[in-house]
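Take a look at the letters that make up each chain.
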Amino acid sequence: VDGELYDNDFPLGYPHWPSTPTWHIDATQVRQAAFWLTDATTPQLAPTVTTPLASVQYWTPPGHNTWVGDVVSIMYGGRYHIFYLADRRHHQSKFGMGAHYFAHLSTADFRSWTVHPDATPLTAQWQCIGTGTPFVDNAGRLCLAHALHTERLYADGDTTLPAQLEWLARHGATGTFDQATPGVPIGSTYAVSNDGVADFYPSGIFFHPCRNPSIYRDPHGELRMLANYAGAADASWGKGIWAADHVDGGWRCINADFPPGGDCTFFFRWGAYDYIIGGFVNLWMKPADAPDSAYIDLVAAEHDCYDGLNVPTITQVAPGRLLMAGWCAIRGWGGVLVIRDLVQHADGRLGTRWMPELMPHIALHQHRTTLPVGQSVAITADVMLLECTIEPAVVPTGWVDVRFVTQAGAPTCALQIDLRARRAQYSTVASDGTTAPQPTLCAGGNPAQGGDYAIAHLRGMDQPFTLRILLKRDSKLGGTLIDCEIAGQRTMLSFRPDVWVGTVRRDA
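Worth saying up front: this structure is predicted, and the values here are computed from it rather than measured. (Residues numbered from 1 in each chain as written. Predicted model: local features only at pLDDT ≥ 70, side-chain atom pairs only at ≥ 80, totals over all residues. Heavy atoms only, no water.)

## Observations regarding the overall build of the protein
The following threshold applies: Helix numbering and strand numbering both begin at the N terminus, where a helix is a DSSP run of H or I of at least 4 residues and a strand a DSSP run of E of at least 2. C-alpha atoms define the radius of gyration, and 2.2 Å times the number of residues to the power 0.38 defines the globule rule. Burial status follows relative accessibility: with a 1.4 Å probe on protein chains alone, a residue under 20% of its type maximum counts as buried, one over 50% as exposed, and anything between as partly exposed. Between two residues, a contact is recorded if the distance between any of their heavy atoms is within 4.5 Å.
For the protein, the helix and strand inventory stands at three helices and 31 strands. In summary, the protein has a C-alpha radius of gyration of 24 Å against a globular reference of 23 Å for 508 residues, a match within 12%. By its C-alpha atoms, the protein is 70 × 70 × 40 Å across when sized along the principal axes. Every one of the 508 residues in the protein was classed for burial, and the buried ones make up 54%. Intrachain contacts of the protein at a sequence separation of at least 6 include 57% that bridge at least 24 residues.

## Thoughts on the environment of isoleucine 486
By the element assignment, isoleucine 486 lies in strand β29 (residues 479-486). Assessed through its relative accessible area of 1%, isoleucine 486 is described here as buried. Discounting chain neighbours no more than four positions away, the residues touching isoleucine 486 are Ile417, Ala424, Leu458, Met461, Phe465, Thr466, Leu467 and Met492.

## What about the packing of aromatic side chains?
This is how the line gets drawn: Classification of ring pairs uses Phe, Tyr and Trp, with its six-membered ring standing for Trp, and accepts pairs whose centres are within 6.5 Å; under 30 degrees between planes counts as stacked, over 60 as edge-to-face, and the remaining range as tilted. The rule is short: NZ of Lys or CZ of Arg within 6 Å of the ring centre and within 35 degrees of the ring normal puts a charge over the ring.
A full pass over the atoms with the stated rule returns 16 aromatic pairs. Here tryptophan 327 and tryptophan 333 contribute two aromatic rings whose centre-to-centre distance is 5.2 Å and whose plane-to-plane angle is 50 degrees, an arrangement assigned as tilted. Classification of tryptophan 327 as buried rests on a relative accessible area of 2%. Ring pairs connect the aromatic residues Phe135, Tyr190, Phe207 and Trp251, which therefore count as one cluster. The ring of phenylalanine 110 has arginine 321 lying over it, and the distance from NZ or CZ to the ring centre is 5.8 Å. Over the ring of tryptophan 67 we find lysine 476, and its NZ or CZ is 5.3 Å from the ring centre.

## Details of the sheet that holds strand β7 (residues 142-148)
Our working rule: Here, any two strands with at least 2 DSSP bridges between them count as paired. Axis lines are fitted through C-alpha atoms, for helices just across the contact stretch, and the angle between N-to-C directions can take any value from 0 to 180 degrees.
With antiparallel pairing, the four strands of this open sheet are ordered in space as β6-β7-β8-β9. Looking at the sheet topology across the chains shown, the edges are occupied by β6 (129-136) and β9 (200-202). Neighbour-to-neighbour, the strand axes of the sheet open up by a mean angle of 30 degrees, direction not taken into account. For β6 and β7, the ladder comprises six bridges, and the chain directions are antiparallel.

## Things to note about the environment of leucine 441
Residue placement: leucine 441 occurs in the loop between β26 (423-428) and β27 (453-455). Among the residues examined, leucine 441 registers a relative accessible area of 10% and is labelled buried. In this structure, the C-alpha to C-alpha distance between leucine 441 and glycine 398, residues 43 residues apart in sequence, is 23 Å. Each residue touching leucine 441, except ones within four places of it in the same chain, is listed here: Phe280, Val281, Val299, Asp304, Tyr306, Pro447 and Ala454.

## A few points about the pattern of salt bridges
Worth spelling out the cut-off: For salt bridges, the criterion is a side-chain nitrogen of Lys or Arg within 4 Å of an Asp or Glu carboxyl oxygen.
Evaluation of the coordinates by the stated rule reveals 21 salt bridges. In this structure, the salt-bridge partner of glutamate 151 is arginine 211, at a minimum N-O distance of 2.9 Å. Note that glutamate 151 is positioned in the loop between β7 and α2 (161-171) and arginine 211 in the loop between β9 and β10 (214-217), a separation of 60 residues in sequence. Arginine 211 sits in the buried class, given a relative accessible area of 1%. Put simply, Asp7, Arg88 and Arg89 are held in one network by salt bridges that share partners.

## Some thoughts on the nonpolar core
The criterion, for reference: Side-chain atoms within 4.5 Å link the members of a nonpolar core, which is a set of buried Ala, Val, Leu, Ile, Met, Phe, Trp, Tyr and Cys residues.
Residues Tyr80, Ile82, Trp113 and Ile339 are the most contacted members of the largest nonpolar core, which totals 77 residues. Considering each element in turn, this core owes the most residues, seven residues, to strand β19 (residues 321-329). Formed by 32 residues, the second largest nonpolar core is a distinct cluster that contains Phe404, Tyr453, Cys484 and Val501.

## A word on α2
We apply this condition: Directions are taken from the helix axis to each C-beta atom, and the arc is the one they span.
Three or more residues of α2 are buried, namely Leu161, Gln164 and Leu168. Taken around the axis of α2, the buried residues stretch over an arc of 65 degrees, which confines them to a single face. Of the exposed residues in α2, those oriented more than 90 degrees away from the buried face are Ala169 and Arg170. Contacts made by the buried residues of α2 are with β12 (241-243).

## Quick look at unusual backbone geometry
Proline 259 follows phenylalanine 258 through a cis peptide bond whose omega is -10 degrees. Assignment of secondary structure puts proline 259 in the loop between β13 (252-255) and β14 (265-270). Residues other than glycine seldom take positive phi values, yet lysine 94 does so here, at roughly 50 degrees. Its place among the elements puts lysine 94 in helix α1 (residues 93-96). Judged by its relative accessible area of 1%, lysine 94 falls in the buried class. For phenylalanine 110, which is not glycine, the phi torsion reads 70 degrees and is therefore positive. By secondary structure assignment, the location of phenylalanine 110 is in the loop between β4 (101-107) and β5 (113-116). Residue classification places phenylalanine 110 among the buried residues on the basis of a relative accessible area of 9%.

This is the structure in structure tokens:
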């Protein structure tokens, strides 16, 4: 519309249009319109665009019903690269199959961001691209591993999967397959950057049958892969740690039972500890010098760092500084881009805090209002920052309660912090003003949905600490995004659909 991509889909088959279609156009609104048939390639926007600072955090791609899907990242050539699955309709494009592809952002200073051409555009009607990871190959090139979820559109027997599995069974390692292999391509492949920044081209090589490959260099520089998602629950090739001398093939399993597959898992080392974080619900940790059998389940101990982000990916961007990037759900699969600074404690436990380069602190501090206990303040802007100092010693109930109310005065939700139990939660406020206790991820809660949930084992509460809350109302989101930072050590995201928060009331 007016030269900009507004909507697109990737249906199967080509429609037959009559040679002389009949149009009924409101000439007061539309000057000219036309139908034309194209191939199945991804429509490309302007190749290079500088994105304003304020639009990077909580950012969505331009256009109608466009969202950020699974996020993966890498630091390469002095730039921080983010690749995300471009989503429309919350996974409902191509008849619900997704029709995702990897789009690409990068920055050298975390303030000025560049939108690059898509890294893995769709080039065939049957393609559905799944999560992978950027990595550096043996030649030092920037590469992006990803998967083809061809099983969404074709039976396994019509794909290259039988040939791949036969090779694996016969040789004990994966083979190298290309477009000449009989069947529709399926499984793991990768793209290569021509210039080390963008300009990706497909390798045409399919090196593993799993659908979500997580390739990385281990701390010794060896090529490793965490296999994710086999399609069938009993398929051993969809889990475990794999090793190879070259990405193109020869991948052999070196740990068949860990990690146990899932959607997306990512390895990272930070100081004296190794971690594997996975998709929506998993986080493991072990001492760096310990074997894989020493990994402990941090989620089971309620020491996870999930804060409303989906498929978080971790990247070291400077000595001692790691970033966590992911997406917050908005009405289904896909949502807004969010980036955090990761926090590590002496015992290896992890936390998160706001990333100062991405939070609009200066603009939000231009108009300050003090909010005493028992009073309310009306929200006059679509972005608002609340900040207060909590003194645990003078809170008699040990309970901090911030209520968010609509412009019509209806209660919506509350952010509540139990100082004694060291827990925090988002909870919907009932019509009588009450809230219900929310479970943590370990107890069956679901932070990934970005609604009501709890986190445990908060730190920094034995002395006065700062609580910061950011409210973002957005017509594209169709509601209000609430983001909080507790004591600079934990963050929590919650999206309230169909809620236009108009007032904040401090009750404690």
